[in-house]
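An overview of the molecular structure
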Amino acid sequence: MTTPKYFSSIARFYRERKRLPSYREMLKLTGFRSTNAVYRLVERFRQADLLTKDAAGKLIPGKRFRELRILGTVEAGWPSPAEEELIDTIGLEDWLIHNREATYMLKVSGDSMIDAGIRPGDMLLVERGRTPKEGDVVIAEVDQQWTLKYFQKRGRQTILVAANKKYSPIIPQDELNIAAVVTAVIRKYHT
Amino acid sequence: MKPLSFSRAILHIDGDAFFASCEQARDPALRGKPVITGKERGIAASMSYEAKARGVTRAMALWEIKKLCPDAIILPSDYETYSMLSQRLFSIVRRYTHEVEEYGVDECFADITGYDRPFKKNYTEITKHIQETLRQELGFTFSVGLAPNKVLAKLASKWKKPYGLTVVPETGIAPFLENLPVEKIWGIGGQTAARLARYGIQTALQFARAREDWVKQALERPFHDIWQELNGALVMPLFLEEKTFYGSIQKFKTFTPPSKDPNFIFSQLSKNIENACIKLRRYNQATPRAIFILRTQSFNHSVMEMPFARPTNLPPEILSVARAAFQKIFRKNTLYRATGFTTFNLVPNVLQPDLFLASGKIEKLQKMYASSDKIAAKYGKHSLFLGTSWKAHQFGAHLTERGHEPERKNELFLGESKRKRLGIPMLMGEGI
């Protein structure tokens, strides 16, 4: 038996008899051989505010005793992550993706962003329709191909810069089509 | 300027060459070129505007397209990606109004009546905004009609394509309908147009101006509805519910090359049966009877309708009946190119205890298929299939174009498989 299970058997006893078990009864409930072990368990519960003692020195339910029962965790055991506690968590997908309808993925094939830590085979999540800011990594359309570069301004001129010395910056002659802004890079090592 | 008057503001949003545009949007190398989808079927399912300009039409055979337009880029359909983008179309429109009717994979109706105040924009501006958001986030264009009802909105979206925005306010209906042939109206086919021509009605406006008592007396009910909408009333509501119950489910698949082999042809039929049953089980429905169809190379159809012992959605129960039907309609030394399986009069799926039939056996089958569906949810459709479908699964449907699957199916990330991929469309092409 684990500590939460000891507590739930004590809580069940309390619910049925409207009082806490004596040390002798706890011995039976827990299956411990010595009252000393029971005493140590009770001390742990007291520190956790699950049990406390009244003026006469008798054990009574502590502050958190009721709280746990209200949450419905007593039957299941220790304060396990109750639904109420999970309301404020988000899934990985929601964390990664801001605008679902505008998000696409692509697989990196070249090494133009290698110094930014973006390697061939990496997955990129990109968002269409987002206005790029200085320093964003973007997907631009150049000569009927996608290209992956930093979006930078030189004065009024927009330039596309690789994170790799092998490639020189692209200075677009006419209109530059930025198709999407990279919002995340994902590299998965194991299935 | 006086604001345009709309008692109701209904949109029809229609994808411009939807499938071909999905392809062009993800690979810039295809931009500006004649792109055709439908390679696996041997006919054009969708063609880009560049291909349309060269005279390529829907359902044109690929050999004909190659003659007409030798530089055409012909791609196998990637329905998985098209469906994802279709869902995105509906989701984006639902940001503006919850009253959206998903009318087809690439089109929908939307009711934006009353949203001019909260958006602080007039209806035309809202429409423009939706159209622009779709272009930015999906990467290709839609044509939109704004009108007081569905019939007029659908006509308006077709008025100017691609990337058209046509507004037909109540006061502008007559000039809009004036030169429009009556058969362009949604719901009026060739036969009805011929009937109307006998009364001297050739344009939409002539039909709209016909006397109501004559329309009611001479034509059927749906045409009276259309007549009323042409005159500006809204009588056809938007269907907002997602489909949760089907009246019929049909699976019809062609294969190439055509075959004379009864085992192969039956395996195609068997696969169609399994596919239909997957859908029946998903909606917890069952079919009391079904039609089995074989199509020959020369487009003749042999058809057989058969009832089942009880309404079912389990392939083994259907298969014995299918075998009997197949034996009756299959002809030796005939080339077949498609099989079909149609279910109808569908009912909710309930297991009725039957004193005479072994309902225990059926219960076992149901449990087995419940497990099979769970396996499919985890590992992909057709992870388990019947031995009778084996030959159909072995080669895919189209032997001649084998090896030319949608590119996405071969461009996999770690943890993806040919059966299951991430549900996010992928940008493709060289140079990334």
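Everything that follows concerns the structure shown earlier in this document.
What you see is a predicted model, and the numbers here were worked out from it, not measured in a lab.

When you go through chain A residue by residue, the secondary structure sums to 6 helices and 8 strands. The order of α-helices and β-strands along chain A, N terminus first, is α-α-α-β-β-α-α-α-β-β-β-β-β-β. For chain A, buried positions account for 21% of its 191 residues. Expressed as a percentage of contacts within chain A between residues at least 6 apart in sequence, the contacts between residues at least 24 apart total 46%.

Residues and elements named next belong to chain A. Here we have 6 strands laid out as an open sheet, ordered β3-β4-β8-β5-β6-β7, and antiparallel in their pairing. Every other strand in the sheet has two partners, leaving β3 (103–107) and β7 (157–161) as the edge strands with one partner each. Geometrically, the sheet is characterised by an average inter-axis angle of 45° between neighbouring strands, direction not taken into account.

Let us now look at the sheet that holds strand β7 (residues 142–147) of chain B. Residues and elements named next belong to chain B. Taken together, 5 strands build an open sheet; the order of strands is β5-β6-β1-β7-β8 and the sheet is mixed. Sheet topology places β5 (100–104) and β8 (165–167) at the edges, where each strand pairs with a single neighbour. Along the sheet, successive strands turn relative to each other by an average axial angle of 15°, direction set aside.

What follows deals with the environment of A:D143. Mapped onto the elements, A:D143 comes out in the loop between β5 (137–142) and β6 (145–154). Between the C-alpha atoms of A:D143 and A:E175, which are 32 residues apart in sequence, the distance is 12 Å.

Okay, the interface of chain A and chain B next. Each side of the interface is counted separately: chain A has 23 residues, and chain B has 22 residues. With 5 residues, β3(A) is the single largest residue contributor to the side of chain A that touches chain B. Residues of the side of chain A that touches chain B, tallied by class, amount to 10 nonpolar, 8 polar and 5 charged.

All right, on to the environment of B:R95 then. Residues and elements named next belong to chain B. Along the chain, R95 turns up in the loop between α4 (79–94) and β5. Taking the number of C-beta atoms within 10 Å as the measure of exposure, R95 has 10 and is therefore exposed. Between the C-alpha atom of R95 and that of I130, which follows or precedes it by 35 residues, the distance is 9.1 Å.

The step from B:K161 to B:P162 runs through a cis peptide bond, and the omega angle for that step is -5°. Among the structural elements, B:P162 can be located in the loop between α7 (150–159) and β8. Of note, the amide linkage connecting B:T256 to B:P257 takes the cis form, showing an omega dihedral of -5°. Residue placement: B:P257 occurs in strand β9 (residues 249–259). Phi at A:D143 takes a positive value of approximately 50°, unusual for a residue other than glycine. Assessed through the 9 C-beta atoms surrounding it within 10 Å, A:D143 is described here as exposed. Unusually for a residue other than glycine, B:K120 sits at a positive phi of about 50°. One can find B:K120 in the loop between α5 (116–119) and α6 (123–138).

This next bit is on the nonpolar core. Within the largest apolar cluster, 66 residues are counted, with the highest numbers of intra-cluster contacts made by B:L11, B:I36 and B:L146. Counting contributing residues per domain, this core is built from domain 1 (1–172) and domain 2 (178–242) of chain B, each supplying no fewer than three.

Residue and element names in this part refer to chain B. Burial in helix α12 (residues 221–230) covers these residues: F223, I226, W227, E229 and L230. Relative to the axis of α12, the buried residues are bounded by an arc of 165° and lie together on one face. Where the residues of α12 are buried, they touch α7, α8 (173–177), α10 (204–209) and α11 (212–218).

Thresholds, definitions, all that
- Residues numbered from 1 in each chain as written.
- Chains lettered and ligands numbered in written order.
- Predicted model: local features only at pLDDT ≥ 70, side-chain atom pairs only at ≥ 80, totals over all residues.
- Helix = DSSP H or I, 4+ residues; strand = E, 2+ residues; numbered from the N terminus.
- Buried ≥ 20, exposed ≤ 12 C-beta atoms within 10 Å, placed from the backbone.
- Contact = placed C-beta atoms within 7 Å.
- Pairing = 2+ DSSP bridges.
- Axes fitted to C-alpha atoms, helices over the stretch in contact; angles between N-to-C directions.
- Nonpolar A, V, L, I, M, F, W, Y, C, P; charged D, E, K, R; others polar.
- Core = buried A, V, L, I, M, F, W, Y, C linked by C-beta atoms within 7 Å.
- Domains from an automatic or database assignment.
- Arc of directions from axis to C-beta.

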